[in-house]
Amino acid sequence: MAQARSNRPISPHLQIWRWGPAMLVSILHRVTGNGLAFAGLGLLLWWVGAIASGPEAYASFLGWVWTGTGGALQFVTAILGKIVFVGLTWAFFQHLASGVRHLILDIGAGYELHANARWSVVTLIFSIASTILFWAFLLLR
Amino acid sequence: MGNGTSIGRVRGLGSSHQGAHHWLLSRLTAVGNIVLIPFLLASLALLPAYDYATVHAWAARPLSSTALILIMINTFYHARLGVQVMLEDYLHEDAGKFTAWLLVNLVPFAGAAFGILSVLRIALGGA
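Quantities reported herein were computed from a predicted structural model and do not represent experimental measurements.

## Quick notes on the overall build of chain B
And step 1. A tally of helices and strands in chain B yields 5 helices and 0 strands.
And step 2. Counting from the amino terminus, helix and strand elements in chain B follow one another as α-α-α-α-α.
And step 3. Computed over the C-alpha atoms, the radius of gyration of chain B is 19 Å, more than 25% above the 14 Å expected from 2.2 N^0.38 for a compact globule of 127 residues.
And step 4. Projected onto its principal axes, the C-alpha coordinates of chain B cover approximately 60 × 25 × 25 Å.
And step 5. The long-range share in chain B, meaning contacts at least 24 apart out of those at least 6 apart in sequence, stands at 67%.

Here you go:
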């Protein structure tokens, strides 16, 4: 961080580095991917399992993750559930955008410093805008 | 044979020569996810309500059931590959590596089997 004044490109090093859009998006790709893998697929299994098990299991699922009508504990988990669902949709849109970025990097394009930084920022704008639009559509229609 | 000494190969060190296949499957399943997950999100967003009857009827439609089963296969395999890469980067001790190898080869398939069975039960009746 101390030597980050000049415009020379620097690769991440144990002590000499600074935040940049590309490294942020690279880390977010891993974080969102693993979040989706554990929380996202876990909730997906709970959801389809609940539908397959019948109306009571489905009502219980909704109570725990969304409506919170089954007591004090569910009141808390339902608030957490809403945060998790919004977080998962953002994580998906971010992972989608940074994943497409990786597919483009895989064909050898987009490595120029400014283009790389610009497209990294675009993935962040895309994921935040898509999340807002998705939930606005869901809640306001 | 290029990587490591002969004793190193005996100990299972060096390349397993499956990296390119792993990498390619990760990309292939990523493309599958670009189709499947937006389909799921759009279908959910367009549902008129989220009561049991509506959601069950949606999931029981052939197109929805097919997409859900493909998600159980494609997305779980994509997640399995990605989690494996993460674990390989952060776990360096033998015990942790062995545990991770066990879990990453068993849990995703157990989850996918549960998911596929659930979708089949929704689609073909029984609950």
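## Some words on the overall build of chain A
And step 1. For chain A, the helix and strand inventory stands at 4 helices and 0 strands.
And step 2. In sequence order, the secondary structure elements of chain A are arranged as α-α-α-α.
And step 3. Here the C-alpha radius of gyration of chain A, 20 Å, is well above what a compact globule of 141 residues would show, namely 14 Å.
And step 4. Its C-alpha atoms put chain A at 60 × 30 × 25 Å along the principal axes.

## Details of the interface of chain B and chain A
And step 1. Every contact between the two is made by 25 residues of chain B and, on the other side, 22 residues of chain A.
And step 2. Those elements that provide at least two residues to the side of chain B that touches chain A are α2 (19-46), α3 (52-60), α4 (62-90) and α5 (94-124) of chain B.
And step 3. Split by residue class, the side of chain B that touches chain A holds 17 nonpolar, 6 polar and 2 charged.

## Re the nonpolar core
And step 1. Within the largest apolar cluster, 31 residues are counted, with the highest numbers of intra-cluster contacts made by A:Val48, A:Ile51 and B:Leu68.
And step 2. Of all the secondary-structure elements, those providing two or more residues to this core are α1 (21-53), α2 (55-67) and α3 (72-106) of chain A together with α2, α3, α4 and α5 of chain B.
And step 3. At 9 residues, α1(A) tops the list of elements feeding residues into this core.

## Description of α4(B)
And step 1. Spanning 29 residues, α4(B) covers 41 Å between terminal C-alpha atoms, matching the ideal 42 Å at 1.5 Å per step.
And step 2. Within the sequence span of α4(B), burial applies to B:Ala67, B:Leu68, B:Ile71, B:Met72, B:Asn74, B:Thr75, B:Phe76, B:His78, B:Ala79, B:Arg80, B:Leu81 and B:Gly82.
And step 3. For α4(B), the elements touching its buried residues are α1 of chain A together with α2, α3 and α5 of chain B.

Reading the values: rules and limits
Residues numbered from 1 in each chain as written. Chains lettered and ligands numbered in written order. Predicted model: local features only at pLDDT ≥ 70, side-chain atom pairs only at ≥ 80, totals over all residues. Helix = DSSP H or I, 4+ residues; strand = E, 2+ residues; numbered from the N terminus. Rg over C-alpha atoms; globule rule 2.2 N^0.38 Å. Contact = placed C-beta atoms within 7 Å. Nonpolar A, V, L, I, M, F, W, Y, C, P; charged D, E, K, R; others polar. Core = buried A, V, L, I, M, F, W, Y, C linked by C-beta atoms within 7 Å. Buried ≥ 20, exposed ≤ 12 C-beta atoms within 10 Å, placed from the backbone. Expected span 1.5 Å × (residues − 1).

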